[in-house]
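Geometric and topological summary
Single-letter residue listing:
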Amino acid sequence: MPGSDGASDEPVLYEATPSGVAILTFNRPERLNAWGPDLAAGFYAAVDRAERDPAVRVIVLTGRGRGFCAGAFLGTATSAPTYGETIEKAAQTNLADLVGERPPHFVTALRKPIIAAINGSCVGIGLTQALMCDIRFAAAGAKFAAVFARRGLIAEFGISWILPRLTSWGVALDLLLSGRTFLAEEAAELGLVKEVVAPEDLMARTLDYAEEMARSCSPASMAVIKRQVYGDASRDVAEATSRAEVLLHEAMPRPDVIEGITSFLEKRPPRFPSLSSTDA
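The text that follows walks through the structure, step by step, so that each part is easy to find. (Residues numbered from 1 in each chain as written. Predicted model: local features only at pLDDT ≥ 70, side-chain atom pairs only at ≥ 80, totals over all residues. Heavy atoms only, no water.)

What follows concerns the packing of aromatic side chains. Under the criterion given, the structure shown has nine aromatic pairs. With a centroid separation of 5.9 Å and an interplanar angle of 70 degrees, the aromatic rings of Phe43 and Phe106 are classed as edge-to-face. Highlighted residues: Phe43 in helix H1 (residues 37-52) and Phe106 in the loop between helix H3 (95-99) and strand E5 (114-118), separated in sequence by 63 residues. For the residue pair Phe43 and Phe106, the accessibility class agrees, reading buried in each case. A ring pair is formed by Phe137 and Tyr209, whose centres lie 5.1 Å apart and whose planes are at 65 degrees; its orientation type is edge-to-face. Of this pair, Phe137 sits in strand E7 (residues 135-139) while Tyr209 sits in helix H8 (residues 202-216), placing them 72 residues apart in sequence. Under the relative-accessibility criterion, Phe137 is labelled buried at 0%. Taken together, the ring pairs connect Phe26, Trp35, Phe43, Tyr44, Phe68 and Phe106 into an aromatic cluster. A cation sits over an aromatic face here: Arg49 above Tyr14, 3.9 Å from the ring centre. (Phe/Tyr/Trp six-rings, centres within 6.5 Å; stacked < 30°, edge-to-face > 60°. Helix = DSSP H or I, 4+ residues; strand = E, 2+ residues; numbered from the N terminus. Buried < 20%, exposed > 50% of the residue type's maximum accessible area, 1.4 Å probe, protein only. Lys NZ or Arg CZ within 6 Å of the ring centre and 35° of its normal.)

Take a look at the structure:
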């Protein structure tokens, strides 16, 4: 994969495949891609680029090296003696200056599906970022942890919202209150990842899945379905059904419906139109 050898010093590498998949790679392997202002700015820019590009239909997010994102960058061991002073200053600082101006849940509002390929350590805000992605694959043996309680912190940036929805109240409380480390295999059993893959096969498997979506699924349909799923999390079933009826009525005149049915009847791959940069 271009850029995967680390030749570029960009904090987030960007590549787009001919089939319409944008690959975003956290590129701070020396710190296990721990989150900081550089990674945040690079991530936002790369996501915005993928959202604007009509040729991109699906986004894949991964990390270079041994980590996906090992939490917030707290510095090195040599900074420990003066860390109290740093924290005191941080308490008087705008949080956006520390972690970026967008909360992790902003990816749930993207029009395009975003898939996490979790190649290694996925901890703290890195775990929150991964859970806010729509679908997750993980390398066998990858380590996960919601370590907030072990750092004297709270459940940050929406993880207390997403974790119970992906698992259950009991599982969420276990992981958040204990801060324990668990592996990709347990994450799959808990429903946090779709599939566990041998590390050397992770990107190939994830890209196969993403490219199948890009080839076979209507970009307009995927955009609306994302909006339904996340929006309906705060609605009851009657409201969700009523809203779906409105959205279905709006969808019927779109060329995607005709193409979807015609391609099915003609037994050929669909040729759905791309989303423009201004499509809602």
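This brings us to the pattern of salt bridges. Considering all chains together, one arrives at 14 salt bridges under this definition. Here Arg111 makes a salt bridge to Glu51, at a shortest N to O gap of 3.5 Å. Taken as a pair, Arg111 in the loop between H3 and E5 and Glu51 in helix H1 lie far apart in primary sequence, 60 residues in all. Residue classification places Arg111 among the buried positions, given a relative accessible area of 11%. For Arg180, the salt bridge identified is with Asp174, shortest N-O distance 2.8 Å. Residue Arg180 is classed as partly exposed on the basis of its relative accessible area, which comes to 23%. One network of salt bridges, with partners in common, ties together Asp9, Arg28, Arg31 and Asp38. (Salt bridge = Lys/Arg side-chain N within 4 Å of Asp/Glu carboxyl O.)

Turning to the sheet that holds strand E10 (residues 195-197), a few remarks are in order. Read across the open sheet, the six strands follow the order E1-E2-E3-E5-E7-E10; overall the sheet is mixed. Looking at which strands have only one partner, the edges of the open sheet turn out to be strand E1 (12-16) and E10. Taken pair by pair, the neighbouring strands of this sheet meet at an average axis angle of 20 degrees, ignoring direction. (Pairing = 2+ DSSP bridges. Axes fitted to C-alpha atoms, helices over the stretch in contact; angles between N-to-C directions.)

Next up on the list: the state of the cysteines. The tally for this structure, following the rule as stated, stands at zero disulfides. The thiol of Cys133 is unpaired, and the distance to the nearest cysteine sulfur, on Cys122, comes to 9.0 Å. For Cys133, a relative accessible area of 2% corresponds to the buried category. (Disulfide = S-S within 2.5 Å.)

Let us look at the sheet that holds strand E4 (residues 67-70). Ordered by their spatial adjacency, four strands build an open sheet running E4-E6-E8-E9, and the pairing between neighbours is mixed. If you trace the sheet from one side to the other, it starts and ends with E4 and strand E9 (181-183), each paired once. When strand polarity is set aside, the average angle formed by the axes of neighbouring strands in this sheet is 25 degrees. When E4 meets strand E6 (residues 121-123), the two strands line up parallel, connected through three bridges. In the strand pairing of E6, Ala70 is matched with Val123. Packed onto the sheet, helix H4 (residues 125-132) meets E4, E6 and strand E8 (143-145) and runs at close to 95 degrees relative to E6. (Contact = heavy atoms within 4.5 Å.)

Time to look at the environment of Thr25. Along the chain, Thr25 turns up in strand E2 (residues 21-26). When its relative accessible area of 3% is taken as the criterion, Thr25 is described as buried. In this structure the C-alpha to C-alpha distance between Thr25 and Gly65, which are 40 residues apart in sequence, comes to 10.0 Å.

Bringing the side chain of Thr62 into the picture now. On the secondary structure map, Thr62 appears in strand E3 (residues 58-63). Polar contacts involving the side chain of Thr62 include one to the side chain of Asn119, which spans 3.5 Å. Setting aside anything within four residues of it in sequence, one finds Thr62 in contact with Leu24, Thr25, Phe26, Phe68, Ala117, Asn119 and Met203. (Polar contact = N/O pair within 3.5 Å; in protein donor to acceptor, adjacent residues only side chain to side chain.)

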